[in-house]
Amino acid sequence: MKLTLTEEQEMLRKTARDFLADKCSKKFVKQMEESETGYSKGLWQEMAELGWMGLAFPGKYGGGDMSFLDLAVLLEEMGRACLPSPFFSTVILGGLSILDIGSEEQKQEYLPKLIRGEKILTLALTEPGYHDYTASSVTVEATRDDDNYIISGTKLFVPDAHIADYLLCVARSKPKNGITIFLADAKNPGIKYTVLKTIAGDKLCEVVFDQMPVPKANILGRLNQGWSAMQKIIQRAAVGKCCEMVGNIQRVLEMTVDYAKERKQFDRPIGSFQVIQHYCADMATDVDSARFSTYQAAWMLSEGLPCTKEVAIAKAWIGEASQRVFALAHQIHGAIGATIEHDLHFYTRRAKAAELAFGDADFYREIVAREMGL
Amino acid sequence: MDFSFTEEQDKFRQEVRDFLEEEIKKGYWEPTCDAWVQGFDPGFTKRVAQRGWIGLTWPEDYGGQGRSHIDRLILTEEMLRYGAPAACHWFGDRQVGGAILSFGSEELKKEFLPRIVKGEAYFGLGMSEPGAGSDLASLQTRAVEDGDYYVINGQKTWASCASFAQYFDVYARTDPEAPRHRGISEFIVDAQSPGLSRIPMADITGTEAWNDVFFDNVRVHKRYLVGEKNRGFYQVLHQLDYERSGMERLMGNYPLFDAIIQFAKDNKLSQEPVIRNKLAQLQIEFEVGRLLIYRVALVMEEGRAPNWESAMSKAYSTEFEKHLAGVAMEVLGPYGQLKLGSKFVPLRGMALHSYLGSKGYSLQAGTTEILKNILASRRLGLPSS
């Protein structure tokens, strides 16, 4: 057992932190939130040059041959910086899914471009109405038409779809239990996008497929057997979100403690008051416990070990731990933390979005219950 | 990072489990909540000692095995999982032996460590006093030099394991003129010393959980001074870090956890969404707490004394213990109020026992408030209040 990072991972962390401190100011984050695309092409290219997109891919596709655990370190830094970019969509949702289940031909076709920063990918999974990340929630239909499948229906909360080059579209290819993942050209005229206005200022989209043809060669993985692959993709996405959240709440703890040391009332720093000290101690406990449970899940994924329970524990725990952290962070920051000028809200808003993504605490508690044999 | 155990560690865990299951099968004892601190069973302690499982991390020179803190955590984790009656040796093994090892003279080490290891020396603690709880440095028990002896007068309270203790680890004021943190010394006192008397005290479960221990001109030879004179307060802080470090803070009432999950399954209560949700939340809290405690063992493994790390894991874990007892009572409904021995009592009365007993968990070995003070100052560097 070892709960510390390797030297290489510490270096990766430092490089990422320095780079993002330089390139990703809160002014930049705000600009991106207000922009149409939500990301900077220049920064995206620099990230590719740093090898970030390819980090966890095999060298034969141009990747860095590093592990998911290494990627976890990078995701944590991105969360810490509130980095606006289609990295999560492209790498976690898109690229690693192709690596999982794509044919060799598909990998050769998509991964090198992705790794070079030339293509943006995303995953179209969730739909309007109640969505609980189960196969039965998928209603978008794919019907066979010669060498094509025709896809119709609406996906919702699809990240970065408006700027994507390719969409992994999860569709019902058989009325009962037949789910297939299609790799669709995102510029297909049969697709309409509406960018939603969200709490985090990220770019989640409504994606309407109107009789969109996809060649059957673009099936990713196995026809009608897509859901078991999806479960792993959702699991990895949940852990990825946990990693971002760890970076987020770690930074918020630091900001809050710094503020408590500086801010004076009654002629003394508010951090000298025991009630504030205990709030901060509670925050630190939530941050550390979220970190360990997250990295446990990331490590198990990285090692290829079965980890349904550990992933569920990590995401359930951090969802609620982060809510507690933010309640206290705002209380300690006082009114200044409630203003749009202060940086705290960048974190508050992103934490809520991440908590909702890929299953909240109730969703994962039910999975834990099943794993307990209840 | 690596969250796995080595093959040897897995094998050791299995060895401990096999031993404990065999004990239960032979009917030597049954799993009980709080057995680590209330289960006095000299035979069990002897059998554990025969396996070399007391003083596991101590140097071989003193009878220990020189094994890792992770091994010790595995051992204690399984003891707690099975609710084994380990109270006779728990304090000596967990902290007093360690204190002697860290601060004691060679003579003291040779006198006590091998006997603790053999399961032949049981320790109780003499820290708190009626007027000195969280503010331990205000303790009033006096130790006055008299030739080769110290003469101790005063009263200690909340002494766990005191009824069976053969020795007490006692903190007394040796320099009343010095600043209060700098006038305290640590002694090992034979419980049979003339002038030492004990009065048992029942906790709210009705268990005789503690003793008041009175010192009336108790003479202790100077060789039983542990460490440096007047450095006792710094030594006790060190010892408390170890006292807080272990799995007993999370798993003290673990047999109830197993039992309530089984109860829910057997009675189809586990189909109820509200109950599923509550039990799953307990499981999540348990597993998260376990990681915080393994972190503490890893800190010790690096050769550092745990400090805010064990403050964090203990503060967290005692909340879990309380939450577990609360949920168990909710699941049992009106049956939860039945006492051991009553008609219809479920789960051998463990839920009721833990519900009441757990109120003390966040007080002993440092209140949650003191632990959060430690976190605020040592981990976060917040200014003193």
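Residues numbered from 1 in each chain as written. Chains lettered and ligands numbered in written order. Predicted model: local features only at pLDDT ≥ 70, side-chain atom pairs only at ≥ 80, totals over all residues.

### A few points about the confidence of the model for chain B
The share of residues in chain B with pLDDT of 70 or more is 100%, and the mean pLDDT across the chain is 96. Both confidence scores are given for the complex: pTM 0.97, ipTM 0.96. (pLDDT = per-residue confidence, 0-100.)

### Topic: helix α4 (residues 69–81) of chain B
Counting along an α-helix, one turn takes 3.6 residues, and residues three or four places apart therefore face a common direction. Residue and element names in this part refer to chain B. Taking 1.5 Å per residue as the helical rise, α4 with its 13 residues ought to reach 18 Å, and the 18 Å between its terminal C-alpha atoms agrees with that figure. For α4, the tally of buried residues reaches 11 of 13 residues, placing the bulk of the element in the interior. Three or more residues of α4 are buried, namely His69, Asp71, Arg72, Leu73, Ile74, Leu75, Thr76, Glu77, Glu78, Met79 and Leu80. Those residues of α4 that are buried are in contact with α1 (7–25), α2 (35–38), α8 (248–251), α9 (254–266) and α10 (273–301). Of the residues trailing α4, glycine 83 is marked for its positive phi of about 55 degrees. (Helix = DSSP H or I, 4+ residues; strand = E, 2+ residues; numbered from the N terminus. Expected span 1.5 Å × (residues − 1). Buried ≥ 20, exposed ≤ 12 C-beta atoms within 10 Å, placed from the backbone. Contact = placed C-beta atoms within 7 Å.)

### Remarks on the interface of chain A and chain B
The interface is formed by 38 residues belonging to chain A together with 37 residues belonging to chain B. Of all elements in the fold, only α7 (226–262), α8 (274–303), α9 (308–333) and α11 (361–371) of chain A reach the threshold of two or more residues within the side of chain A that touches chain B. The dominant element in the side of chain A that touches chain B, judged by the number of residues it contributes, is α8 of chain A, at 15 residues. A breakdown of the residues in the side of chain A that touches chain B according to their chemical character gives 22 nonpolar, 11 polar and five charged. (Nonpolar A, V, L, I, M, F, W, Y, C, P; charged D, E, K, R; others polar.)

### A look at the domain arrangement of chain A
All names here are of chain A. According to the domain assignment, chain A contains domain 1 (7–120), domain 2 (122–226) and domain 3 (227–371). Between the C-alpha centres of domain 1 and domain 3 there is a distance of 22 Å. Between domain 1 and domain 3, the residue contacts involve 20 residues of the former and 23 residues of the latter. Looking at the side of domain 1 that touches domain 3, the elements with two or more residues in it are α2 (26–34), α4 (68–81) and α5 (87–101). It is α4 that provides the largest number of residues to the side of domain 1 that touches domain 3, a total of nine residues. Looking at side-chain class alone, the side of domain 1 that touches domain 3 contains 12 nonpolar, three polar and five charged residues. (Domains from an automatic or database assignment.)

### Considering the environment of lysine 113 of chain A
Residue and element names in this part refer to chain A. Position of lysine 113 among the secondary structure elements: in helix α6 (residues 104–115). By C-beta crowding, lysine 113 is classed as partly exposed, having 18 other C-beta atoms within 10 Å. Along the backbone, lysine 113 and threonine 285 are 172 residues apart, and their C-alpha atoms lie at a distance of 42 Å. Every residue in contact with lysine 113, bar those within four places of it in the chain, is listed here: Glu118 and Lys119.

### Considering the domain arrangement of chain B
Residues and elements named next belong to chain B. Per the domain assignment, the segments making up chain B are domain 1 (7–121), domain 2 (124–230) and domain 3 (244–379). Computed over C-alpha atoms only, the centres of domain 1 and domain 2 are separated by 25 Å. At the junction of the two partners, domain 1 supplies 16 residues and domain 2 supplies 14 residues. Of all the elements in the fold, those that place two or more residues in the side of domain 1 that touches domain 2 are α2, α5 (87–103) and α6 (106–117). Looking at side-chain class alone, the side of domain 1 that touches domain 2 contains 12 nonpolar, three polar and one charged residues.

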